[in-house]
Amino acid sequence: MSIHHLAIQTSNNLETLKDFYQNVLELPLFQIQKAPDDKVRAYWFELNPGVLMLEINPDMPKVARGRHIVIFNTTPEERKDLEEKLQKKNVVITNRTDFTFYFKDPDGNTLGFSHYPHK
């Protein structure tokens, strides 16, 4: 079993989130979904396998922001380079364990990279 897609909704600025996932995390954007009024309602990024969808939801309460936790897979060898790359892009590492490091996206969602259980 694997994940087909993961959707992160925001009532905030969808463009800011898109820029973070595309330019900071360097996820490949492959589809833009538009509403009937031709406004962008979602950005889809390739995860390989799976899809990360960023969706605008103006009805979502502002207090619901930052409720998602998404941890991406990495290797022990890639970890240090990933941390340095993110810090050069002004991303603050909020926590570290032996296997995982954590940071926030512009909406306050917790993101991370983990190589558990490989040291």
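Residues numbered from 1 in each chain as written. Predicted model: local features only at pLDDT ≥ 70, side-chain atom pairs only at ≥ 80, totals over all residues. Heavy atoms only, no water.

Which residues make up the environment of Phe72, and what values go with them?
With respect to the helices, strands and loops of the structure, Phe72 is situated in strand S5 (residues 69-73). In the structure, Phe72 is positioned 55 residues away from Leu17 in sequence and 17 Å away in space, judged by C-alpha atoms. When neighbours within four sequence positions are excluded, Phe72 is seen to be in contact with Leu25, Leu47, Gly112, Phe113 and Ser114. (Helix = DSSP H or I, 4+ residues; strand = E, 2+ residues; numbered from the N terminus. Contact = heavy atoms within 4.5 Å.)

I'd like a rundown of the sheet that holds strand S8 (residues 110-114), residues and numbers included.
In space, the four strands of this open sheet follow the order S5-S8-S7-S6, with mixed pairing throughout. Looking at strand neighbours, the two that pair on one side only are S5 and strand S6 (95-96), the edges of this open sheet. Bridge count for S6 against strand S7 (residues 100-104) is two bridges, and the pairing is antiparallel. Bridge pairing in S7 links Asn95 to Tyr102. (Pairing = 2+ DSSP bridges.)

Don't take any of this as a statement about function, it's just geometry.
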